[in-house]
Amino acid sequence: LERCLVDGGISLDCDHMFCSECFTSYLESRIGEGQVQEDELACPTPSCSTPVTVNQVRGSAGPKIFERFLQFRMQLWKPSAEDG
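Note that this is a predicted model, so its numbers are computed, not measured.

**Examining the overall build of the protein chain**
Link 1 in the chain: Looking only at helices and strands, the protein chain features three helices and two strands.
Link 2 in the chain: Restricting the contact set of the protein chain to residue pairs at least 6 apart, pairs at least 24 apart contribute 47%.
Link 3 in the chain: For the protein chain, the computed accessible surface area is about 5800 Å², with 49% contributed by carbon and sulfur atoms.

Now the structure itself:
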């Protein structure tokens, strides 16, 4: 990701900050490649593995990208024994 001003940007749970445009581009790239598992869709800062939350995706990605994210996540979901 390029360096840019982060005023009005995105702060992740790890406290790393990104400009909205850069973070949205990152999400579009990862989600477009189907990389939506928690270990794949994580903070883009090298050596940081804090997962990007569903709410962070919802708030930063456009509706089409968010819908695609949900579709990929749904395909990955496997019911546990507790789910019946």
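**Notes on the packing of aromatic side chains**
Link 1 in the chain: For the coordinates displayed, the defined rule picks out three aromatic pairs.
Link 2 in the chain: Here the aromatic rings of Phe-66 and Phe-69 are separated by 6.0 Å at their centres, their planes lie at 25 degrees, and the arrangement is stacked. Of this pair, Phe-66 and Phe-69 are both found in helix α3 (residues 63-76), three residues apart, which corresponds to roughly one turn of the helix. As far as the burial class goes, Phe-66 and Phe-69 line up, both buried.
Link 3 in the chain: Through a chain of ring-to-ring contacts, three or more aromatic side chains come together here, namely Phe-18, Phe-23 and Tyr-26.

**Quick word on α3**
Link 1 in the chain: Between its first and last C-alpha, α3 extends 20 Å over 14 residues, near the 20 Å set by a 1.5 Å rise per residue.
Link 2 in the chain: Looking at the buried positions of α3, the neighbouring elements they touch are α1 (20-32) and α2 (54-60).

**Side note on the side chain of Ser-60**
Link 1 in the chain: Relative to the assigned elements, Ser-60 resides in helix α2.
Link 2 in the chain: Taking relative accessible area as the criterion, Ser-60 reaches 12% and is therefore assigned buried.
Link 3 in the chain: Residues in contact with Ser-60, not counting those within four places in the same chain, are Ile-10, Phe-23, Thr-24 and Leu-27.

**Side note on the environment of Pro-44**
Link 1 in the chain: Within the fold, Pro-44 resides in the loop between α1 and α2.
Link 2 in the chain: The class of Pro-44 is partly exposed, set by a relative accessible area of 24%.
Link 3 in the chain: Counting along the chain gives 21 residues from Pro-44 to Phe-23, while the straight-line C-alpha distance between them is 8.7 Å.

**Things to note about the nonpolar core**
Link 1 in the chain: The biggest cluster of nonpolar side chains holds 17 residues, and the ones touching the most others in it are Phe-23, Leu-27, Ile-31, Leu-41, Val-57 and Phe-69.
Link 2 in the chain: Among the elements that line this core, the one with the most residues is α1, at four residues.

**Section: α1**
Link 1 in the chain: Taking 1.5 Å of rise per residue, 13 residues should cover 18 Å, and α1 covers 18 Å from first to last C-alpha, within 8% of that figure.
Link 2 in the chain: All buried positions along α1 are accounted for by Cys-22, Phe-23, Thr-24, Tyr-26, Leu-27 and Ile-31.

About the criteria used
- Residues numbered from 1 in each chain as written.
- Predicted model: local features only at pLDDT ≥ 70, side-chain atom pairs only at ≥ 80, totals over all residues.
- Heavy atoms only, no water.
- Helix = DSSP H or I, 4+ residues; strand = E, 2+ residues; numbered from the N terminus.
- Contact = heavy atoms within 4.5 Å.
- Areas by Shrake-Rupley, 256 points an atom, 1.4 Å probe, with all protein chains shown as cover.
- Phe/Tyr/Trp six-rings, centres within 6.5 Å; stacked < 30°, edge-to-face > 60°.
- Buried < 20%, exposed > 50% of the residue type's maximum accessible area, 1.4 Å probe, protein only.
- Expected span 1.5 Å × (residues − 1).
- Core = buried A, V, L, I, M, F, W, Y, C linked by side-chain atoms within 4.5 Å.

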